[in-house]
Amino acid sequence: MELRSTREMRRNQRLDQAAAGRADRSAPAPAPSQPARPAADRVSLSRQAVSFLEEQNRRMWQYQQEREQRRQSRLDSELSALDTAKNRLKRMEDELDILNKCNKIAASIMKGNRVPTEDLRYLMEHDQAGYKLAMAMRRHNPDPKDEESVLDEEDRKGERNEASGGGEAPSVEAAGGGGETPDGPTLE
């Protein structure tokens, strides 16, 4: 398919007519068995039509660019929301881990067993209401068992870093002593 402007078509038509006039004078007429066939399909467009098509093309390209930018910004916002959700989920997992450790410590206290002081300190710092409830519901145990610490190394290091970092971590001694009675350690 061939696209040409109207002005070019007119010029070519004049040239074709002039060439045909010269050919008629010098060559015999073509045989009737061979019909004249155009070399290709032709479309003639005015300058106004060409400028209209170019404007439409420019608008379409602009629309596609804007659409791509909207899609990219939507993807970016979804990714940031996903990152926020991941961070929130991580915080909730950490809080659940702390709560589970506090529940284990409180259960040991309520049974009347001896709990390491670092575990008591951890329970006081992270769940004061749980600490008070565990101490209030502590049973008398004539043969208290020494419980192992439920804290891992990260929790122990984290407590030291928080205490040395200038935070106001309550100390066991400041809370009213740290002596043990037959019922277990007292921090009242």
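The structure under discussion appears in the preceding block.
Quick look at the overall build of the chain now. Scanning the chain from terminus to terminus reveals five helices and four strands. Secondary structure elements of the chain, listed N to C terminal, follow the sequence β-α-β-α-α-α-α-β-β. Looking at the chain residue by residue over its 188 residues, the buried ones come to 17%. Taking contacts inside the chain between residues at least 6 apart in sequence as the whole, the part at least 24 apart equals 75%.

This next bit is on the pattern of salt bridges. Here the structure, examined in full by the defined rule, presents ten salt bridges. A salt bridge links E55 to R58, with the nearest nitrogen and oxygen atoms 2.4 Å apart. Within this pair, E55 and its partner R58 are both found in helix 2 (residues 47–111), separated by three residues, close to a single helical turn. Judged by relative accessible area, which is 27%, E55 ranks as partly exposed. R58 sits in the partly exposed class, given a relative accessible area of 42%. Residue E118 is joined to R156 by a salt bridge in which the shortest nitrogen-to-oxygen separation is 3.0 Å. Pair noted here: E118 is in helix 3 (residues 117–126) and R156 is in helix 5 (residues 153–164), with a separation of 38 residues, a long-range link. Among the residues examined, E118 registers a relative accessible area of 25% and is labelled partly exposed. One salt-bridge network, held together by shared partners, links D97, K101, D152 and D155.

With that settled, consider the nonpolar core. The nonpolar side chains of soluble globular proteins are, as a tendency, buried together. Among the nonpolar cores identified, the biggest contains 13 residues, and I105, I109, V115, L120, Y122, L123 and Y131 are the most heavily contacted of them. Elements that contribute at least two residues to this core include exactly helix 2, helix 3 and helix 4 (128–136).

As a further point, take the side chain of D119. Along the polypeptide, D119 turns up in helix 3. Salt bridges are absent for the buried D119, whose nearest opposite-charge side chain, R156, sits at 5.6 Å. Polar contacts involving the side chain of D119 include one to the side chain of S149, which spans 2.7 Å. When residues no more than four places from it in sequence are discounted, the contact partners of D119 are I105, E148, S149, V150 and L151.

Another point: a positive patch on the surface. A surface patch of positive charge is lined by R7, R10, R11, R14 and R47. Residue placement: R11 occurs in helix 1 (residues 6–26). Take R11: its relative accessible area is 45%, and that puts it in the partly exposed class.

A word on the environment of N141. Tracing the chain through its elements places N141 in the loop between helix 4 and helix 5. N141 sits in the buried class, given a relative accessible area of 17%. Residues N141 and G112, 29 residues apart in the sequence, show an inter-C-alpha distance of 5.1 Å. From its side chain, N141 meets the backbone oxygen of K111 in a polar contact 3.5 Å long. Of the polar contacts made by the side chain of N141, one reaches the side chain of N113; its length is 3.1 Å.

Conventions and cut-offs
- Residues numbered from 1 in each chain as written.
- Predicted model: local features only at pLDDT ≥ 70, side-chain atom pairs only at ≥ 80, totals over all residues.
- Heavy atoms only, no water.
- Helix = DSSP H or I, 4+ residues; strand = E, 2+ residues; numbered from the N terminus.
- Buried < 20%, exposed > 50% of the residue type's maximum accessible area, 1.4 Å probe, protein only.
- Contact = heavy atoms within 4.5 Å.
- Salt bridge = Lys/Arg side-chain N within 4 Å of Asp/Glu carboxyl O.
- Core = buried A, V, L, I, M, F, W, Y, C linked by side-chain atoms within 4.5 Å.
- Lys, Arg positive; Asp, Glu negative; His and termini not counted.
- Polar contact = N/O pair within 3.5 Å; in protein donor to acceptor, adjacent residues only side chain to side chain.
- Patch = residues over 30% accessible without salt bridge, like charges linked within 9 Å, V, L, I, M, F, W, Y side chains within 5 Å.
- Areas by Shrake-Rupley, 256 points an atom, 1.4 Å probe, with all protein chains shown as cover.
- Charge placed at Lys NZ, Arg CZ, Asp CG, Glu CD.

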